[in-house]
Number of protein chains: 2
Amino acid sequence: MKFIIQRDKLVQSVQDVMKAVSSRTTIPILTGIKIVANSEGVTLTGSDSDISIESFIPVEEDGNEIVEIQQSGSVVLQARFFSEIVKKLPKDIVEIEVGNQHSTIIRSGKAEFSLNGLDAEEYPHLPQIEEENMFKIPTDLLKAMIRQTVFAVSTSETRPILTGVNWKLENSELICIATDSHRLALRKAAINTESQNLYNVVIPGKSLSELSKILDDTSDLIEIVITENQVLFKAKNLLFFSRLLDGNYPDTSRLIPSESKTNMTINSKEFLQAIDRASLLAKEARNNVVKLSTITDGMVEISSNSPEIGKVSEEIQSSEIQGEELKISFSAKYVMDALKALEGTEIIINFTGAMRPFVIRTTQDDSMLQLILPVRTY
Amino acid sequence: MKFIIQRDKLVQSVQDVMKAVSSRTTIPILTGIKIVANSEGVTLTGSDSDISIESFIPVEEDGNEIVEIQQSGSVVLQARFFSEIVKKLPKDIVEIEVGNQHSTIIRSGKAEFSLNGLDAEEYPHLPQIEEENMFKIPTDLLKAMIRQTVFAVSTSETRPILTGVNWKLENSELICIATDSHRLALRKAAINTESQNLYNVVIPGKSLSELSKILDDTSDLIEIVITENQVLFKAKNLLFFSRLLDGNYPDTSRLIPSESKTNMTINSKEFLQAIDRASLLAKEARNNVVKLSTITDGMVEISSNSPEIGKVSEEIQSSEIQGEELKISFSAKYVMDALKALEGTEIIINFTGAMRPFVIRTTQDDSMLQLILPVRTY
């Protein structure tokens, strides 16, 4: 294998596939990046066996030559060293050449590295995925759907299925749901698909977070292929594979209350900042719990009290409050996470008493919903 | 105590004194910030007993009212909470009022915090320093002298005196020296002082680093007062006290070789980057050691070899090499630290053989010097 490549393209590709490489792996060759050069271009692969990422650098793009392939071939190089090296090479052009026993020369300007390589034949094969059943969504919509749900997955392994996001495709609608059993985030979107297939799968939250990091904010369509135990995301010059989680995701539809007793419309930013301030004292003493009380004239009081440190209270004006008076306590972190995910200027909160879950939506958009369980303190 | 203050001035002052506050202290009241208000303004103090910082906010600056004092007084508030609170207050104006039992109200807009305070009388007194013998230097020069020496102090407590920087004032010249016994950094500067006092003290490296962080990059003069066991830096509205280290600093003058066998003039940036690249492989296997060899025609080879990972070599063109041929090994980190501290475009290195310390200077400026001990590998 021998090729000459533009350094910035190589650096970008290496950074992308590095997202899948873990230093803690039981399969030593997976600490490496697989490099394959053929007449079409150079393909890099990184994998931790849960996630695999393949990045392709074409010989030519938009009429510009990016890679000059002098000899086809392949090698696996230590990811950590290879990625550091390409970042720090002195010139814009890099030459990579595999010699005897996979020993690989990396040349740029007057700098010459020789890295011990491994046989690419030893590298595990990526899952073979039938691409018949796929659907497409804009990349920026996919990133939004991930951002608005993935933060709510469980970080505890006591119920592994909750560490993933439940994706359901039915009636040309994609519904993403995450819950850690204290809160739930839901986002749905209409999908253009000719396939009549129904899907109900659980994608590891970590996979979705890593995917989101390497996707650009474009409206380009991304192809999604779901099989029994894998999901494949296909963007331009990029393949992202993730395993699916085994098991059935709990039915969350009954958790969402259909009626409410107190409804409040409020400015999201003011509400978020008041909770943030109240949580400054709450962090220490009471597991980050703040209180909300309706008072007169549409005012809402946010407060917190830590006997050893002090107390805080703040009144904010709601746009509208309907229904019963309310005193309720909740995790400041969960409500702040939800408000950030909703990204709305005005939000509606539907409460069903101090002991029941409450639902936060934006006034503009009913495609997303955040549900939070209160904390019993009163 | 009651006053109304501009939030941004308070935030800045709190951030400055926070640099001295440690959460790990054996004196509980030192986890707090002392606040004193009188007719001239508000003074904040933070201390970990090694370093003490006093920041003064005058009632008026440049004709603008900054503080309105409604009642003089004092209190000590928990630094961690107080600093977080002032940062997140909703409005530009903050009202602070001490009530019964040092309980302190912090009001801004509709947010109201009540913090449990402590009696300011319980707060330790700052050292009393006679200000007769002081000298002045421009703040930016002081920051440069700290930056160019403090990185070379020892981080090990086996010889505590080496964790400080040796400051010597003699013949109207200030000489700063730091060494961890593997390398030495020296910076000197002429000082305008009427005092004939000689000083030879050792200031903790940590104190100088913290001081440097809170000083602005101005050419305003800063006053320095040195006593038997304390040093005081006086900038505008800021007092910075540090204890001095006990003991005698070793005489380092004999370490610096007076003659040399190989002299090399080289571009600092190219040299630094080549060493940085060579160290990529050295980090792992050989304690960050790279090799330098003079080759023909004024070329210098920088190389490193880690049998398990690979090897790297790079040739760079020196401007001039005089004297004997040389092969020498050294810590990449020490040489990179030295080159960054020197900040020159062209540097001169004087070697006295592969086993002897070598000296790096810039071609423009002989007020600073970096000395490094080689590593024996040949």
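Predicted, not measured: the structure shown is a model, and the values here were computed from it.

Moving on, we get to the UniProt feature "domain: DNA polymerase III beta sliding clamp central" (unreviewed entry) in chain A. Taken from the UniProt record, the annotation "domain: DNA polymerase III beta sliding clamp central" (unreviewed entry) applies to residues 137-251 of chain A. Along residues 137-251 of chain A one finds 17% helix and 42% strand; the C-alpha atoms at either end are 25 Å apart.

What follows concerns the relation of the copies chain A and chain B. With an RMSD of 0.0 Å, the operation that places chain A on chain B is a rotation of 180° combined with a shift of 0.0 Å along the axis. Here the two chains are linked by the operation of a two-fold rotation axis.

This part covers unusual backbone geometry. Of note, the phi angle at Q101 of chain B is positive, near 50°, even though the residue is not glycine. Inspection of the secondary structure assignment puts Q101 of chain B in the loop between β9 (93-98) and β10 (104-108).

Residue and element names in this part refer to chain A. Its place among the elements puts Q148 in the loop between α3 (139-147) and β14 (164-170). Assessed through its relative accessible area of 2%, Q148 is described here as buried. Among residues more than four places away in sequence, those in contact with Q148 are A185, R187, A341, E343, M368 and Q370.

What follows concerns the packing of helix α1 (residues 7-18) of chain B against helix α2 (residues 79-88) of chain B. Residues and elements named next belong to chain B. For the pair α1 and α2, the least separation of the axes is 9 Å and the interaxial angle reads 150°. Our classification of the angle between α1 and α2 gives roughly antiparallel. Along this stretch, α1 crosses α2, giving a crossing that reads as left-handed. Where α1 abuts α2, its residues R7, L10, V11, V14, Q15 and M18 lie against A79, R80, F82, S83, V86, K87 and K88. Taken together, the residues that form the contact of α1 with α2 break down as seven nonpolar, two polar and four charged.

Across the sheet, nine strands lie side by side as β26(A)-β22(A)-β23(A)-β24(A)-β11(B)-β10(B)-β9(B)-β1(B)-β7(B); this open sheet has antiparallel pairing. The open sheet is flanked by β26 (327-331) of chain A together with β7 (67-71) of chain B, the only strands paired with a single partner. Ignoring strand direction, the axes of neighbouring strands in this sheet form an average angle of 15°. Pairing between strand β1 (residues 2-6) of chain B and β9 of chain B: five bridges, direction antiparallel. Bridged to K2 of chain B within β9 of chain B is E97 of chain B. Where helix α6 (residues 332-342) of chain A meets the sheet, it contacts β22 (289-294) and β26 of chain A, and its direction lies at approximately 80° from that of β26 of chain A.

Thresholds, definitions, all that
Residues numbered from 1 in each chain as written. Chains lettered and ligands numbered in written order. Predicted model: local features only at pLDDT ≥ 70, side-chain atom pairs only at ≥ 80, totals over all residues. Heavy atoms only, no water. UniProt positions renumbered as here; feature names shortened; annotations may be inferred. Helix = DSSP H or I, 4+ residues; strand = E, 2+ residues; numbered from the N terminus. Least-squares fit on C-alpha atoms with pLDDT ≥ 70 in both. Buried < 20%, exposed > 50% of the residue type's maximum accessible area, 1.4 Å probe, protein only. Contact = heavy atoms within 4.5 Å. Axes fitted to C-alpha atoms, helices over the stretch in contact; angles between N-to-C directions. Parallel < 35°, antiparallel > 145°, perpendicular 65-115°, else oblique. Left-handed = near helix turned anticlockwise from the far one by under 90°. Nonpolar A, V, L, I, M, F, W, Y, C, P; charged D, E, K, R; others polar. Pairing = 2+ DSSP bridges.

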